[in-house]
Amino acid sequence: MFVCICVLCVCLTAVISRNQEGPGEMGKAVLIPKDDQEKMKELFKINQFNLMASDLIALNRSLPDVRLEGCKTKVYPDELPNTSVVIVFHNEAWSTLLRTVYSVINRSPHYLLSEVILVDDASERDFLKLTLENYVKNLEVPVKIIRMEERSGLIRARLRGAAASKGQVITFLDAHCECTLGWLEPLLARIKEDRKTVVCPIIDVISDDTFEYMAGSDMTYGGFNWKLNFRWYPVPQREMDRRKGDRTLPVRTPTMAGGLFSIDRNYFEEIGTYDAGMDIWGGENLEMSFRIWQCGGSLEIVTCSHVGHVFRKATPYTFPGGTGHVINKNNRRLAEVWMDEFKDFFYIISPGVVKVDYGDVSVRKTLRENLKCKPFSWYLENIYPDSQIPRRYYSLGEIRNVETNQCLDNMGRKENEKVGIFNCHGMGGNQVFSYTADKEIRTDDLCLDVSRLNGPVIMLKCHHMRGNQLWEYDAERLTLRHVNSNQCLDEPSEEDKMVPTMQDCSGTRSQQWLLRNMTLGA
Ligand code: UDP
Ligand code: MN
């Protein structure tokens, strides 16, 4: 409480009340009245987020301070490296783009901000041309706009932005972000401590529906699945232990989401910037993650830094060449250069990928040699032991029943559902299983699990504790014996033709299974 006794106070009160009451202030959700919802839905399609809501929110809206208490009192060195902030965009909305820029300018100490660089990846919207150029001239920090001559994708656009930047550190942000109080100092401080550490903030969620600002968790980190999709997973106990339980310390993360990170400029160049042969979107985040770890750097989530990002459920823009083709090509380049024999997990699950023309990767392979980077198996063992890809395994591919000639199939089902069985289609996908060196039968992050006599066979998160997920394959009898129940995997019953059963082991043909590429010497 304070008493207003002067003109300044009146102004202050006005500012404070605007800040707390305007739409979306303090990161609150914006709800659109019923009458406008038709229009709202139309506008949603333009950017695949609620443009009407975004346009109602001030470009410099206030946000809550979502940091851990221990972060608020941390003191960082005065002498930090400065940063250029590089934001690439293709047909971004005005309000989200400018809100990103304002949040950078308003929440970063200016002596740490070398410049903001906007790279326009051949957008088609008029307001992103002269209107934008004139607008940014009046901002307090130099904002440079670079235009790509043709649609190039975020990778080559970022490369262009990086090449034009002058800061000691380069910070990349998506064009629909909001930086929160104190976001920058902890990132730069960590790079000052170790220039080979690439740092990400915690990525908070800005709702694509309401633009509500929701704190992200410091208990998740980056991984990837068999299809090479980036995924968030819980921070494992070993990483909590390494930090002695102090959640304000950075989390070593196997991969990064890719849109938001800071990297020492010279290190960015030393480590091979980006793979300029990658198009439009996708794969570049894992490529950089593997490269950093395998070539002697490290990748961390700095939990005291929070930046919001609008997560979308669909992409609003086109992928010249087709979405699938572009992503497959990028992933192919990633797998060929960095994943050694483990690329099979990706190729066997998506057989179409091996037909994609992925161009020439010899320059990237030479980079890997010159930097004397470690093998992918080292990465899995030391950086990502909880990976969905097992470090050692006996078989990978379909698991076929000898009697019915049908294959185990995860049916695209989720955790806690029954594994299915279906005609073998030889197309990978849902019929790819791995019998791992830990003797689990695994499909991506799920393991076949039986907790009762006579089944059912459920898919549960792999726990690596043996228990109900331990299976013994007898390569002579071809049986898959569930050790805890001492029963064998068998063909479906009459009642349900779509799921395998568990029966006492009898050696019948219906209990015989062929495992693809079975090598017991793994
Ligand atoms: N982007 C770009 N060119 C492209 C595709 C994307 O400049 O061809 C920009 C896009 O505007 C955004 C950033 O790259 O600022 C990341 O893309 P997006 O937000 O669609 O990726 P997501 O966050 O969904 O992974
Ligand atoms: Mn984005």
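Conventions we followed
In every chain, residue numbers begin from 1 and rise along the written sequence. Labels follow written order: the first chain is A, the first ligand is 1, and so on. Predicted model: local features are reported for residues with pLDDT of at least 70 only, side-chain atom pairs are reported and counted for 80 or more only, and whole-chain, interface and lining totals are derived from all residues. Note that the side-chain values use all heavy atoms of the structure and ignore hydrogens as well as water. UniProt positions are given in the numbering used here, feature names are shortened, and annotations may be inferred rather than shown by experiment. Criterion used throughout: strands pair if DSSP finds at least two bridges between them. Helix and strand labels come from DSSP, where a helix needs a run of H or I of at least four residues and a strand needs a run of E of at least two; each type is numbered from the N terminus. Axes here mean lines fitted to C-alpha atoms, for a helix over just the part in contact, with angles spanning 0 to 180 degrees between N-to-C directions. Nonpolar cores are built from buried Ala, Val, Leu, Ile, Met, Phe, Trp, Tyr and Cys residues. Side-chain atoms within 4.5 Å join them into one set. Summary of the burial criterion: residues with accessible area below 20% of their type's maximum are buried, those above 50% are exposed, and those between are partly exposed, where the area comes from a 1.4 Å probe applied to protein chains only. Nearness is judged by heavy atoms alone; a residue qualifies as near a molecule or strand once a single heavy atom is within 4 Å of it. Counted as a polar contact is a pair of N or O atoms within 3.5 Å, where, for protein atoms, one must be capable of donating a hydrogen and the other of accepting one, and residues adjacent in sequence contribute only when both atoms are in side chains. Accessible areas in this description were obtained via Shrake-Rupley with a 1.4 Å probe; residue shielding takes into account the shown protein chains only. Geometric relationships in this document are graded by angle, where less than 35 degrees denotes roughly parallel, more than 145 denotes roughly antiparallel, 65 to 115 denotes roughly perpendicular, and other angles denote oblique. Only heavy atoms matter for contacts: two residues are in contact if any of them lie within 4.5 Å across the pair. Classification convention: Asp, Glu, Lys, Arg as charged; Ala, Val, Leu, Ile, Met, Phe, Trp, Tyr, Cys, Pro as nonpolar; all other residues, Gly among them, as polar. A pair of cysteine sulfur atoms is labelled a disulfide when the two atoms are within 2.5 Å. Ring pairs are drawn from Phe, Tyr and Trp, using the six-membered ring of Trp, whenever the two centres fall within 6.5 Å, and their geometry is named by plane angle: stacked under 30 degrees, edge-to-face over 60, tilted for the rest. A positively charged side chain is recorded as over a ring if its NZ (Lys) or CZ (Arg) lies within 6 Å of the ring centre. The angle to the ring normal must also be within 35 degrees.

Going by what an unreviewed UniProt entry lists, the protein is known as Polypeptide N-acetylgalactosaminyltransferase and is assigned to Capra hircus. Recorded under Function (unreviewed entry), the UniProt text for the protein is reproduced unchanged: "Catalyzes the initial reaction in O-linked oligosaccharide biosynthesis, the transfer of an N-acetyl-D-galactosamine residue to a serine or threonine residue on the protein receptor. Has a broad spectrum of substrates such as apomucin-, MUC5AC-, MUC1- and MUC2-derived peptides." Under Cofactor (unreviewed entry), UniProt gives the following word-for-word description of the protein: "Mn(2+)".

Caption draft 1: View of the sheet that holds strand β22 (residues 471-474). Read across the open sheet, the four strands follow the order β22-β23-β24-β25; overall the sheet is antiparallel. At either end of the open sheet lies a strand with only one pairing partner, and these are β22 and β25 (501-504). Strand-to-strand, the axes of this sheet are offset by a mean angle of 40°, without reference to chain direction. Two strands pair when backbone bridges link them, and strand β23 (residues 479-482) and strand β24 (residues 487-490) are joined in this way by two bridges, in the antiparallel orientation. Along β24, the bridge assignment pairs R481 with C488.

Caption draft 2: Up close: the UniProt feature "domain: Ricin B lectin" (unreviewed entry) in the protein. Mapped onto this numbering, the UniProt entry annotates "domain: Ricin B lectin" (unreviewed entry) at residues 393-516. Helix makes up 0% of residues 393-516 and strand 42%. Its end C-alpha atoms lie 12 Å apart.

Caption draft 3: Here's a closer look at the nonpolar core. Ranked by size, the top nonpolar core spans 64 residues in total, and within it F224, F261, F268, F290 and Y379 carry the most contacts. Formed by 36 residues, the second largest nonpolar core is a distinct cluster that contains L113, L139, W183 and L184.

Caption draft 4: Here's a closer look at the pairing of strand β18 (residues 433-436). Here β18 shows no split at all, with F433 and Y435 on one side and S434 and T436 on the other all buried. Adjacent in sequence and paired antiparallel, β18 and strand β19 (residues 441-443) are bridged by four residues, among which K439 carries a positive phi angle near 65°.

Caption draft 5: Here's a closer look at the site of ligand 1. Neighbouring ligand 1 are 15 residues; V88, D121, R151, W281 and Y317 lie closest to it. A distance of 2.8 Å separates an oxygen atom of ligand 1 from a polar side-chain atom of R151. Contact distances for ligand 1 include 3.0 Å between an oxygen atom and a side-chain N or O atom of R312. Relative to its unbound accessible surface of 530 Å², ligand 1 loses 89% to contact with the protein.

Caption draft 6: Structural view of the packing of helix α11 (residues 284-294) against helix α15 (residues 376-383). It is the contact of α11 with α15, at a shortest axis distance of 10 Å, that shows an interaxial angle of 85°. Overall, the two elements α11 and α15 adopt an arrangement that is roughly perpendicular. In this structure, α11 contributes F290, W293 and Q294 to the contact, and α15 contributes F376, W378, Y379 and I383. Residue classes in the contact of α11 with α15 are distributed as six nonpolar, one polar and no charged.

Caption draft 7: Focus on the state of the cysteines. The tally for this structure, following the rule as stated, stands at five disulfides. Here C295 connects covalently by a disulfide to C373, the sulfurs 2.0 Å from one another. Disulfide C295 to C373: torsion about the S-S bond roughly 105°, handedness right-handed. With C295 in the loop between α11 and β12 (298-310) and C373 in the loop between α14 (362-370) and α15, the pair connects residues that are 78 residues apart, well separated along the chain. Of the two residues examined, C295 and C373, each falls in the buried class. Covalent S-S linkage joins C488 and C505, the inter-sulfur distance amounting to 2.1 Å. Between C488 and C505 the sulfur-sulfur dihedral comes to about 95°; the bridge is accordingly right-handed. Of this pair, C488 sits in strand β24 while C505 sits in the loop between β25 and β26 (513-515), and the two are 17 residues apart along the sequence. By relative accessible area, which is 2% here, C488 ends up buried. Judged by relative accessible area, which is 37%, C505 ranks as partly exposed.

Caption draft 8: Quick peek at the sheet that holds β19. Taking strand neighbours across the sheet as the criterion, the six strands line up as β13-β18-β19-β20-β21-β16 in an open arrangement whose pairing is antiparallel. Both outer strands of the open sheet, β13 (393-397) and β16 (417-418), are each paired with one neighbouring strand and no more. Direction of pairing for β19 relative to strand β20 (residues 446-449): antiparallel, over a ladder of two bridges. Within β20, the residue paired with T443 across the bridge is L446.

Caption draft 9: Region of interest: the packing of aromatic side chains. A complete count under the given rule lists 24 aromatic pairs for this structure. Arranged with centres 6.5 Å apart and planes meeting at 80°, the rings of Y221 and Y384 form a pair that is edge-to-face. Note that Y221 is positioned in strand β8 (residues 220-224) and Y384 in the loop between α15 and β13, a separation of 163 residues in sequence. Residue Y221 shares its accessibility class with Y384, and that shared class is buried. Relative to F376, the ring of F290 has its centre 4.9 Å away and its plane inclined at 70°; by these criteria the two rings are edge-to-face. A residue pair is termed long-range when its members are at least 10 positions apart, and F290 in helix α11 and F376 in helix α15 qualify at 86 residues. F376 matches F290 in its accessibility class, with the two residues each being buried. Put simply, the rings of Y221, F224, F290, F342, F376, Y379 and Y384 pair up and form one aromatic cluster. Of note, K374 hangs over the ring of W378, and the distance from its end group to the ring centre comes to 4.3 Å.

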